[in-house]
Amino acid sequence: AVLKKRLVKLVVNFLFYFRTDEAEPIGALLLEHCRITKEEENVFSISFVEEPERKYCFECDSEEQCQEWIEALKRASYEFMRRSLIFYRNEIQKMTGKDPLEQYGISEEARFQLGTRKQ
Amino acid sequence: MKLNERSVAHYATCDSPADHAGFLRKRVERHHHHAHHHHATSYQRRWFVLKGNLLFYFEERESREPVGLVVLEGCTVELCEATEEFAFAIRFDDAGARAYVLVADGQAAMEAWVKALSRASFDYMRLVVRELEKQLEEACKSLAACRKSPRRSSSSSRKRHLSNPALLPLQEKPAVLENGYSTWGSGGGVPGEAACPDRDGGHAKPPPLPPRRRSAAGGTAGSPVPGLSPAMLESPVSLETASFSKLHSWYGQEVAALRREWQERQKRGHP
């Protein structure tokens, strides 16, 4: 496989990639339902649920940089954030007896519910 | 611009729960090639599905792939004065980006959509998560303070904390969190997600010290990656402990210790 040098930008749950001298991205990967895997030294890959053998590989300049990217990408999905929110909400509720979302007026919203969510 | 379309389409149509869904009429945006021609405004009925910060639309409810996607970042959702009733618009901060004018079936549907779409952005979610993270840290601190202070003054808050049977599952084995695959060990799994085909079980180490707050000076990452500003790399959860399994264990241990104390006091006949 040929490796091409790219500028890579993580913006919300999208990973954009650019040719190093261009302002417009060549492409983007939506980072939902994906798996970030450490491959060999300095290399990580991104693969998706419905096509796990198809790996988008990225080689970093150092192992440290590689770990930083893995950590950042693992937390990049909206779904991950939603789980964080539900987790924190639950913990706060257990500790204080109060639902912290009530003050925002969003405690009933489907997206913040623990367990089954209705369509 | 290329996109991992197959994965995007899969995400749009898989059975992970949608945040909102329904039929809307979408205004057709036309280019006016000739100044003298006036094109009548027309609308197309589409099936819309909101998942996270992504608004997909399909030709039909049963369609297997979306015909379009709107990324709900840097936009506002407002009621609009179209000739249509129950119309609202998604407008972007970027003046060059086209607006989406959508028409709902009725007042209630319109209000529900506007509400759901206004809170759909990743940025909004991140704000709320950060706020809750702070609150949780404060709740932990005051709990820790309770443990050190004389029992009399703190017994009521501790009882409320300990009497909740939902605390018990914290001691169960936490799951490894991965992007879109995770389930909580303590009964918090979101149904409908793809099951993780294999997980590494490497989370048996004792938890480290409580997470340090991210410093105001920099992002969570150490040295910034070339070509990126720290803002782009900010993670939604600014924890030093890199995984929720560790955080889970940490709380679990604290709760286990408190339970033991409480049970011992029960045995000794204290209220």
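Residues numbered from 1 in each chain as written. Chains lettered and ligands numbered in written order. Predicted model: local features only at pLDDT ≥ 70, side-chain atom pairs only at ≥ 80, totals over all residues. Heavy atoms only, no water.

Named according to an unreviewed UniProt entry, chain B is Sesquipedalian originating from Scopus umbretta. If you open the UniProt record of chain B and go to Function (unreviewed entry), you find "Plays a role in endocytic trafficking. Required for receptor recycling from endosomes, both to the trans-Golgi network and the plasma membrane." According to the UniProt record, the Sequence similarities (unreviewed entry) comment for chain B reads "Belongs to the sesquipedalian family." (UniProt positions renumbered as here; feature names shortened; annotations may be inferred.)

Per an unreviewed UniProt entry, chain A goes by Pleckstrin homology domain-containing family J member 1 and derives from Scopus umbretta.

Chemist: How would you explain the overall build of chain B if you had to name every residue and give the values?
Modeler: If you tally the helices and strands in chain B, you get six helices and eight strands. Across the 271 residues in chain B, those meeting the buried criterion constitute 42%. Within chain B, contacts between residues separated by at least 24 positions form 54% of all contacts whose residues are at least 6 apart in sequence. When the accessible area of chain B is evaluated, it comes to approximately 15100 Å², of which 51% is carbon and sulfur surface. (Helix = DSSP H or I, 4+ residues; strand = E, 2+ residues; numbered from the N terminus. Buried < 20%, exposed > 50% of the residue type's maximum accessible area, 1.4 Å probe, protein only. Contact = heavy atoms within 4.5 Å. Areas by Shrake-Rupley, 256 points an atom, 1.4 Å probe, with all protein chains shown as cover.)

Chemist: Kindly report on the pattern of salt bridges, identifying the contributing residues and their values.
Modeler: Going through the model one piece at a time under the given rule, you end up with 15 salt bridges over all chains. With a shortest N-O distance of 3.2 Å, A:Glu91 and A:Lys94 are connected by a salt bridge. In this pair, A:Glu91 and A:Lys94 are both assigned in helix α2 (residues 78–96), three residues apart and thus about one turn of the helix distant. Judged by relative accessible area, A:Lys94 falls into the buried class, the value being 10%. The salt bridge involving B:Arg126 is made with B:Asp123; its shortest N-O contact spans 2.8 Å. On the criterion of helical spacing, the pair formed by B:Arg126 and B:Asp123 is a turn pair, its members being three residues apart in helix α3 (residues 122–148). The class of B:Asp123 is partly exposed, set by a relative accessible area of 39%. Ionic contacts of the salt-bridge type, sharing partners, join the residues A:Glu79, A:Arg82 and B:Asp19 into one network. (Salt bridge = Lys/Arg side-chain N within 4 Å of Asp/Glu carboxyl O.)

Chemist: Which residues make up the sheet that holds strand β4 (residues 54–58) of chain B, and what values go with them?
Modeler: All names here are of chain B. What the seven strands build is an open sheet, ordered β5-β4-β3-β2-β8-β7-β6; its pairing is antiparallel. Every interior strand has two partners, whereas the edge strands, β5 (68–71) and β6 (75–79), have only one. With strand direction ignored, the average angle separating the axes of adjacent strands in the sheet is 35°. By the bridge criterion, four bridges tie β4 to β5 in an arrangement that is antiparallel. When the sheet's bridge partners are listed, leucine 54 is paired in β5 with valine 71. Helix-sheet contacts for helix α1 (residues 5–13) involve β3 (43–51), β4 and β5, and the interaxial angle to β4 is about 85°. (Pairing = 2+ DSSP bridges. Axes fitted to C-alpha atoms, helices over the stretch in contact; angles between N-to-C directions.)

Chemist: Which residues make up the environment of B:Asp105, and what are the values?
Modeler: All names here are of chain B. Secondary-structure assignment places aspartate 105 in the loop between β8 (100–103) and α2 (107–118). Remark: the alpha-carbon pair of aspartate 105 and glutamate 85, spanning 20 residues in sequence, is separated by 8.8 Å. Setting aside residues up to four positions removed in sequence, aspartate 105 forms contacts with Phe23 and Phe86.

Chemist: So what's going on with the pairing of β4(B)? Which residues, and what values?
Modeler: All names here are of chain B. Summarising burial for β4: five of the five residues are buried, a large majority. Going residue by residue along β4, you find Leu54, Phe56 and Phe58 tucked away on one face and Leu55 and Tyr57 tucked away on the opposite face as well. Across five bridges, β3 lies against β4 in antiparallel orientation. Each bridged residue has a counterpart across the sheet, and for phenylalanine 48 the counterpart in β4 is tyrosine 57.

Chemist: I'd like to hear about the layout of surface pockets, residue by residue, with values.
Modeler: The calculated volume of the largest pocket comes to roughly 1100 Å³. Together, 35 residues line the largest pocket, and A:Lys4, A:Arg6, A:Val8, A:Cys57 and A:Phe58 are the ones closest to its centre. Secondary-structure elements contributing two or more residues to the lining of the largest pocket are β1 (6–11), β2 (14–19), β3 (27–30), β6 (51–59) and α1 (63–74) of chain A together with β1 (2–3) and α1 of chain B. The element that contributes the greatest number of residues to the lining of the largest pocket is β6(A), accounting for seven residues. Looking at the lining of the largest pocket, its residues break down into 19 nonpolar, four polar and twelve charged. (1 Å grid on protein atoms, 1.4 Å probe; cavity = no way out; pocket = protein on both sides within 12 Å on 5 of 7 lines; lining within 4 Å. Points joined across faces, edges and corners; volume = space filled by probe spheres on them. Nonpolar A, V, L, I, M, F, W, Y, C, P; charged D, E, K, R; others polar.)

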